[in-house]
Amino acid sequence: MAEPEITEDLIAAHGLKPEEYARILQILNREPSFTELGIFSAMWNEHCSYKSSKKWLRTLPTEGPQVICGPGENAGVVDIGDGLAVIFKMESHNHPSYIEPHQGAATGVGGILRDVFTMGARPVAAMNALSFGEPGHPKTAHLVKGVVEGIGGYGNAFGVPTVGGEVRFHRAYNGNCLVNAFAAGIAEADAIFYSAASGVGMPVVYLGAKTGRDGVGGATMASAEFDDTIEEKRPTVQVGDPFTEKRLLEACLELMASGAVISIQDMGAAGLTCSAVEMGDKGRLGIRLTLDAVPQREAAMTAYEMMLSESQERMLMVLKPEMEDAARAIFDKWDLDFAIVGETIPEDRFLIVHGNEVKADLPLSQLSSQAPEYDRPWIEPPRPAPLTEPVEIDPVAGLRTLISAPSYAHKAWVWEQYDTMVMGDTVRSPGLGAGVVRVHGTGKALAFTSDVTPRYVKANPVEGGRQAVAEAWRNLVAVGARPLAATDNLNFGNPEKPEIMGQFVGAIKGIGEACRALDMPIVSGNVSLYNETDGQAILPTPTIGAVGLLDSLDDLIGGLPAEADTALVIGASAGHLGQSALLAEAFGIEAGDAPPVDLAAERRNGTFLLDNRAHLRAATDLSDGGLALAAFEMAEAAGIGVALDSGDLGHLFGEDQARYLVACDAAGAAALIAAGAAAGVPVAAVGRFGGDRVRLGESEAALDELSSVYRAAFAAAVA
Amino acid sequence: MKAAVITFPGSNCDRDLAVAFAAAGAEVARVWHKEDALPAGTDVVGIPGGFSYGDYLRCGAIAAQSPVMAAVRAHAARGGYVLGICNGFQVLTESGLLPGALMRNASLKFICKRVGLRVATADSAYTAGWQAGQRISLPVAHHDGNFAIDAEGLARLKGEDRIAFTYVDNPNGSVADIAGILSDNRRVLGLMPHPERAIDPAQGGTDGAMLFRALMGAFVPV
C-alpha cells in the first residue's frame, strides 16, 4: 500500500516541531518514509523521550547499598535480603483516563504490572494515586466511577492486591484527572531480567496478545494538551484484557524459569517501536523485524499501524535459539501467541520489512541518543506571603467540614471495589496509612505508601517536593518499616511555560534533597507533562510511591488505640496553618506558605519512633488535616472516642511536618516521654482515647454522629 | 487427606487455597485444567477463586467445560469431596454439581471486605468444627456473588439443611442471605466468602482455618 506523502501538516500532526523534523533530515540525509516518521514521533514525544525533564531527572539520587537497579529499566530493583528483591515503579495514565476512564485506568494498571513482571517479579502489591476535579463538576462523578471500576476490573482479575493509594479532589483537575498506578513485585535477586539484547542473529520473539489498531499514536496524544477536540482522541485509548495479562504473567515467569530468555521488554507506550529500539540500543545491536510474522487481530494492517499500535498485553523477547521449542510449548500451554518476528543484527540499524518491502531503515542508536533534549526556560514562582489573617471556627465544626469533604472522607467506597487481600499476604489493608504485605513464605513484610500534597507544591515547589518525600517516609516509619527506596510520578502542566517548568525544577530539587537526607533513593519513575486543558494547568503533583521493609512481622506497628490510651505527639508543633486542609476546605482559602520541612528533624523523629516502637500501641504520621483529623481517624477506626486537650486551631489543624500521633498505655506513655527527653525529641501528651465522644478543647460531638458523616460523604459526593 | 487444587487460566486464588490446605496438614497437588484425570488417591478437590477465562462469558461457564471437570464430576459422583470458593462456587453451579446460579451483585459493584457470617449447619465435614448458628467472619471479594435459585430449589435447600453459611448483613443481594450451600450428599460445598484468606492472625482473622481443620478431621480415624 502506498504511504502518504510527508507534508508540513503531517509532521505537525505527529507532534514534531519544525526543528525536530530538521534534525530527522540531518540524521537520515533524506526524507523519512511515513512509517519512519511515525517511529520518530513515537520515540521523540515527551512521554517516551523525557526531552523536557531529562536534564533535571539526572540530579535525583538513585543509588544506595540497597539498590540493585535504578532508573532506566522497566522498574527499579531493591535488595530486601535473603536473596530476594522488590521491583517497583509508578506510572501515570492521565490522558487516556480522562478520555475513557474505565479503559484508561485499566490499561494503566496493566502497563505497570507488565513493567514489574517483565523483570521477572511476581506482582504482590498495587496502589493508585488519583486526582479528580471538584465533586460538583459535571465530569467528576463519571470519571471517579469509571477510573475506580477500571482499576478494580483489571487488578482484581489479574489477582494483585491493591493495598494503598490516594484520592483527592480539586478544581485544578477539572479538565485533567490524574491516574498514577503503582505496582511492586518480588523476584530472586539473582534472577532479574533486563531489556538489553545480546548476541547477533538471536531470534526476536513476539509474545502475548495480537496486535490491533488500538492506541495508535497514544504516546503522542499523551504528550499534548487537551482542547475541545478531546472526543476525537478516544480511538487513541487502548483496551485492557486482564485475563490475557494474567496468562502472560504466568507464561513469562515459566519462560524465565526455563532459561530461554536472553532479554525481555514489555510493549508499552509506542508498542513495538519503543520495545525493539530499547532492546537494541541497550545491547548496542541492530534489530530487523519482519512485520508479516506479527500476530494481527485485524486485517490489512500497515507497517505504520503495527509499529505504533499500543495494543496491550504484549512482550518482546530475545530468545536463546536452542530453547525455541521449549519456549513455544509454554506459550501454547497458556494459549498465547508466540511468533519469531525478527533477529538481532550486528550493524546499528532498525530495519522494518513488510510484504517484502523495506518500510523503515533507520540508524537505531540515534533514535534515542539523538532524541531532542531541552533546557526549557523556567522562573522561580513568587514566594507566597505568609498567612496573617487569623481564622476562627469552632474546632468540631472544622473537623466536620474536613471529614465531609471527599478528599478527607472515609474511602471505603473506593477500596471495597478493589481486591485488597488476594494472594493471602495482606497484613494491612487500605485506610490506615501504609499498606503492608508479607513476603510470601518468609517472616518479612513490605510496606507501601503513596503521597504528595499538591497545594504545598503549588505554593512552594521546593518545600512541596521535600514534603512529599518526607510524608512518604513517615508513613513507612509509622507502621514500623525501614524506608528503602521510592519511585516518583511527576505530573505537571505544559513545560513550555516558564512558570510550569519552574514548578518542575523546584519540586525535583526538593525531592532530591529529601531523598538524600532520608536515604531513600529514587529507583524508578515517570513524568507526565502537558496536563492542561484550554491553558489551565493541574496543581503540580509529584506523587511519591515509597517502599519500606519490616525484617519481621513482630516489628509491625499495626494496632489501634484502646480505651484510656494516652494520645501523644512526637515532633514539634508550631501551628502552621498556611496551605492547610482546614483553610482550603472550611474557608476556600489557599494562602500562605507550605509548611517548612526540617529533614534532620524528620530523620531524628522517625528513627526515635522506630527505636521506641515497643512503647506504642498505634501510630500514624501527621499530615494534611493535622492532629485533629489524624486523631479522629485513629479513634474512629478503633470505634472509640478521643479528647484532645487544646482547642487552639493551630494546634489542632496545623500541618507542621516531622510529626507522628501515637497511642500508648499509661506505662508506654511515661516511657516514651522519658525516652524523648533523653533523646532530645519533643514528645507531648495531647489527650486521651476512649469514650464515645470526640472532644477538641471545649468543643465536642458524638463519635457516632461524626462517624456517619465521615463514612457517607464520599459516596454522596460521587453519586 | 490428599487435596487437589485445580488451576484454570485466570484462577488467582489457587496458590492461596493450596497454602490453606497445606497449613491444615493436607498433602496438596496442583492440577492444570487440561488434565483429564485427578491425581490417584485424591480425597478433596479444591476449585479456587479468581476469574477463570476472564469471567468473559458467564462466571465459571467456560471453566465448567474444561477437561478436568469431567474427572471432578466423576469424583463427586463417587462421593468425593469438592470445595469451590468464589469463582470455584460459580464453576460448581455451572457444572451442575450444585444448584442455583451466581448473578451480579445487587450493587453492580465489586465488593471486597470482611463480612459476618452465620454457620447455618454444622452437619457437614466442612462445618463440623462450628456450632449451627455460630457467627464467624470471613472476607468476600467478588462481582458476581448474588446467589439465585427458584422457590422450589430454595425450599429443598432449606428442607434438607443444605445452606452452609448465611450473611449477617447481606452484601450482594443473595436470596435468603445465602453465602454457601452443600450438595445433597453434603460433600460438595460452594461458598462465596474466602476461608483461605483467614487462616493466619497476620491476615486479620483465623475463622477460615476451622473449615480446613474440620475437613481434615473427616479423614482421621476416630
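Just so it is clear, the model here is predicted, and its values are computed rather than measured.

Turning our eyes to something else, we now look at the overall build of chain B. In terms of helices and strands, chain B carries five helices and eleven strands. Over its C-alpha atoms chain B spans a radius of gyration of 16 Å, differing by no more than 12% from the 17 Å that the globule rule assigns to 222 residues. The C-alpha extent of chain B, read off along each of the three principal axes, is 40 × 40 × 35 Å. By residue count, 60% of the 222 residues in chain B fall in the buried class.

In this section: unusual backbone geometry. For Asn-356 of chain A, which is not a glycine, the phi torsion comes out positive at approximately 60°. Within the secondary structure, Asn-356 of chain A sits in the loop between strand S12 (350–354) and strand S13 (357–362).

All names here are of chain A. Its place among the elements puts Asn-605 in helix H21 (residues 599–611). Using a relative accessible area of 1% as the deciding quantity, one classes Asn-605 as buried. If sequence neighbours within four positions are ignored, Asn-605 has contacts with Ile-570, Gly-571, Ala-658, Tyr-660 and Val-681.

Quick look at the confidence of the model for chain B now. Looking at chain B, the pLDDT average stands at 96 and 99% of residues meet or exceed 70. For this predicted complex, the interface confidence comes out at an ipTM of 0.96, alongside a pTM of 0.96.

The next point concerns the packing of helix H15 (residues 395–404) of chain A against helix H22 (residues 626–638) of chain A. All names here are of chain A. Direction vectors running N to C along H15 and H22 enclose 65°, while the axes themselves pass 10 Å from each other. Judged on the interaxial angle alone, H22 and H15 are roughly perpendicular. Taken as a pair, H15 and H22 cross one another with a handedness that is right-handed. Contacts from Leu-399, Leu-402 and Ile-403 of H15 reach H22 at Ala-628, Leu-629 and Phe-632. Class assignment for the residues of the contact of H15 with H22 results in six nonpolar, no polar and no charged.

Residue and element names in this part refer to chain A. Strands sit in the order S8-S10-S7-S11-S9-S12-S13 across an open sheet of seven strands; the sheet is mixed. Either end of the sheet is taken by a strand with one partner, and the two such strands are strand S8 (261–266) and S13. When strand polarity is set aside, the average angle formed by the axes of neighbouring strands in this sheet is 25°. As paired elements, strand S7 (residues 203–208) and strand S11 (residues 337–345) share six bridges and run antiparallel to each other. Bridge pairing in S11 places Val-205 opposite Ile-340.

Here the focus is the packing of aromatic side chains. Using the criterion set out here, one finds 20 aromatic pairs over all chains in the structure. When the centroid spacing of 5.9 Å and the interplanar angle of 35° are considered together, the rings of Phe-132 of chain A and Phe-169 of chain A count as tilted. Taken as a pair, Phe-132 of chain A in strand S4 (residues 122–132) and Phe-169 of chain A in strand S5 (residues 162–169) lie far apart in primary sequence, 37 residues in all. Summarising the burial analysis for this pair, Phe-132 of chain A and Phe-169 of chain A share the class buried. Judged by centre distance (5.3 Å) and plane angle (80°), the ring pair of Phe-21 of chain B and Phe-212 of chain B falls under edge-to-face. One end of the pair, Phe-21 of chain B, is in helix H1 (residues 14–23); the other, Phe-212 of chain B, is in helix H5 (residues 207–217), and 191 residues separate them in sequence. Among the residues examined, Phe-21 of chain B registers a relative accessible area of 0% and is labelled buried. Between Lys-139 of chain A and the ring centre of Tyr-98 of chain A, over which it is positioned, the NZ or CZ distance is 4.3 Å. The aromatic ring of Phe-243 of chain A is capped on one face by Arg-247 of chain A, whose charged end is 4.4 Å from the ring centroid.

Moving on to the sheet that holds strand S17 (residues 482–491) of chain A. Residues and elements named next belong to chain A. Read from one edge to the other, the open sheet built from six strands follows the order S14-S15-S16-S21-S17-S18, with strand pairing classed as mixed. In this open sheet, the two strands that pair with only one neighbour each are strand S14 (426–428) and strand S18 (522–528). The sheet shows a mean angle of 20° between the axes of neighbouring strands, taken without regard to direction. With seven bridges joining them, strand S16 (residues 445–451) and strand S21 (residues 541–550) adopt antiparallel strand pairing. Among the inter-strand pairings, Asp-451 is bridged to a residue of S21, identified as Ile-544. In this fold helix H18 (residues 461–478) packs onto S16, S17 and S21, with an angle of close to 150° to the strand it touches most, S16.

For the rest of this paragraph, the subject is the pairing of strand S22 (residues 566–570) of chain A. Residue and element names in this part refer to chain A. With five of five residues buried, S22 is to be regarded as a mostly interior element. Burial of the side chains of S22 extends over both faces: Thr-566, Leu-568 and Ile-570 are buried on one face and Ala-567 and Val-569 on the other. For S22 and strand S25 (residues 660–664), the ladder comprises five bridges, and the chain directions are antiparallel. Bridging from a neighbouring strand, Val-569 pairs with Leu-661 of S25. Pairing analysis gives five bridges linking S22 to strand S26 (residues 683–689), with the strands arranged antiparallel. Paired with Thr-566 across the bridge in S26 is Arg-688.

The subject of this paragraph is the pattern of salt bridges. Enumeration according to the criterion identifies 53 salt bridges over all chains in this entry. The residue Glu-532 of chain A makes a salt bridge to Lys-497 of chain A at a minimum N-O spacing of 2.6 Å. With a gap of 35 residues between them, Glu-532 of chain A in strand S19 (residues 532–533) and Lys-497 of chain A in the loop between S17 and helix H19 (498–517) connect regions that are remote in the sequence. In this structure, the salt-bridge partner of Glu-160 of chain B is Arg-162 of chain B, at a minimum N-O distance of 2.7 Å. When its relative accessible area of 31% is taken as the criterion, Glu-160 of chain B is described as partly exposed. Within the structure, one salt-bridge network assembled from shared partners comprises Asp-425 and Arg-438 of chain A together with Arg-15, Asp-16 and Asp-200 of chain B.

This next bit is on helix H3 (residues 87–94) of chain B. Residues and elements named next belong to chain B. In terms of burial, H3 is a largely internal element, seven of the eight residues being buried. Burial in H3 covers these residues: Asn-87, Gly-88, Phe-89, Gln-90, Val-91, Leu-92 and Thr-93. Looking at the residues trailing H3, positive phi occurs at Gly-96, about 80°.

Turning our eyes to something else, we now look at the side chain of Gln-467 of chain A. Residues and elements named next belong to chain A. With respect to the helices and strands, Gln-467 occurs in helix H18. For Gln-467, a relative accessible area of 1% corresponds to the buried category. Only 3.2 Å separates the side chain of Gln-467 from the side chain of Thr-453, close enough to count as a polar contact. Polar contacts involving the side chain of Gln-467 include one to the side chain of Gln-657, which spans 3.1 Å.

In this assembly, 29 residues from chain A lie in contact with 26 residues from chain B. Here chain A meets chain B over a buried area of about 2300 Å², counting both sides, of which 58% is carbon and sulfur. A per-residue breakdown of the area chain A buries against chain B is headed by Phe-243, Glu-416 and Met-421 of chain A, which together make up 27% of the total. Here Arg-197 of chain B and Asp-419 of chain A are joined by a salt bridge, their closest N and O atoms 2.9 Å apart. At the junction of chain A with chain B, the criterion picks out twelve residue pairs in polar contact (both at pLDDT 80 or more). Mapped onto the side of chain A that touches chain B, the elements with two or more residues apiece are helix H8 (140–158), helix H10 (242–258), helix H13 (324–333) and S14 of chain A. With four residues, H10 of chain A is the largest single contributor of residues to the side of chain A that touches chain B. By residue class, the composition of the side of chain A that touches chain B is twelve nonpolar, seven polar and ten charged.

Attention now moves to the nonpolar core. Phe-21, Ile-47, Leu-83 and Phe-165 of chain B are the most contacted members of the largest nonpolar core, which totals 67 residues. By residue number, the principal contributor to this core is helix H2 (residues 67–77) of chain B, which donates five residues. Non-local contacts of Leu-83 of chain B, meaning those with residues more than four positions away in its chain, are made with Leu-17, Phe-21, Val-44, Val-45, Gly-46, Ile-47, Leu-92, Tyr-126, Leu-189, Leu-191, Leu-211 and Phe-212 of chain B. In terms of nonpolar packing, the next biggest core, distinct from the first, is built from 66 residues, Leu-143, Val-147, Ile-264 and Val-414 of chain A among them.

Below, the discussion takes up the environment of Leu-652 of chain A. All names here are of chain A. Among the secondary structure elements, Leu-652 is positioned in helix H23 (residues 649–653). Classification of Leu-652 as buried rests on a relative accessible area of 0%. Residues Leu-652 and Gly-575, 77 residues apart in the sequence, show an inter-C-alpha distance of 7.8 Å.

Residues and elements named next belong to chain A. When you line up the elements, Glu-602 lands in helix H21. Here the alpha-carbon distance between Glu-602 and Val-358, two residues 244 residues apart in the chain, equals 59 Å. Glu-602 has contacts with Ala-470, Trp-473, Arg-474, Leu-518, Val-597, Gln-657 and Ala-658, leaving out every residue within four places of it along the chain.

What counts and how
Throughout this description, residue numbers start from 1 for each chain and increase along the sequence as written. As they are written, the chains are lettered A onward and the ligands numbered 1 onward, keeping that order. Where totals are concerned, whole chains, interfaces and linings use all residues; where local detail is concerned, this predicted model gives features only for residues with pLDDT of at least 70, and gives and counts side-chain atom pairs only at 80 or more. Based on all heavy atoms of the structure, the side-chain values leave hydrogens and waters out of the count. Helix and strand definitions here come from DSSP, where helices need a minimum of 4 consecutive H or I residues and strands a minimum of 2 consecutive E residues; each element is numbered from the N-terminal end. Throughout, the radius of gyration refers to the C-alpha atoms, and the reference size of a globule is 2.2 Å times the residue count to the power 0.38. Relative accessibility decides the category of a residue: with a 1.4 Å probe and only protein chains considered, values under 20% of the type maximum give buried, values over 50% give exposed, and everything between is partly exposed. Any two residues whose heavy atoms approach within 4.5 Å are treated as being in contact. On a scale of 0 to 100, pLDDT captures the predictor's confidence in every residue. For helices, the fitted line uses only the C-alpha atoms of the stretch in contact; every axis is such a line through C-alpha atoms, and the angle between N-to-C directions lies from 0 to 180 degrees. Roughly parallel covers angles under 35 degrees, roughly antiparallel covers those over 145, roughly perpendicular covers 65 to 115, and oblique covers all other angles. If you view the pair so one helix is near and one far, a crossing is left-handed when the near helix is turned anticlockwise from the far one by less than a right angle, and right-handed when it is turned clockwise. In this classification, Asp, Glu, Lys and Arg are treated as charged, Ala, Val, Leu, Ile, Met, Phe, Trp, Tyr, Cys and Pro as nonpolar, and every other residue, Gly included, as polar. DSSP-based pairing: two strands are paired if at least 2 bridges between them are found. Each Phe, Tyr or Trp ring (for Trp, its six-membered ring) is paired with any other whose centre lies within 6.5 Å, and the angle between the two planes then decides the class: stacked below 30 degrees, edge-to-face above 60, tilted in between. Lysine NZ or arginine CZ positioned within 6 Å of the ring centre and within 35 degrees of the ring normal marks a charge as sitting over the ring. A pairing counts as a salt bridge when a side-chain nitrogen of Lys or Arg comes within 4 Å of a carboxyl oxygen of Asp or Glu. Two N or O atoms count as a polar contact when they lie within 3.5 Å, although within protein this holds only if one can serve as hydrogen donor and the other as acceptor, and sequence-adjacent residues are included solely when both atoms are side-chain atoms. Here's the idea: put two parts together, see how much 1.4 Å probe accessible area each one loses, and the total over both is what we call buried area. Put simply, a nonpolar core is a bunch of buried Ala, Val, Leu, Ile, Met, Phe, Trp, Tyr and Cys residues held in one set by side-chain atoms that sit within 4.5 Å of each other.

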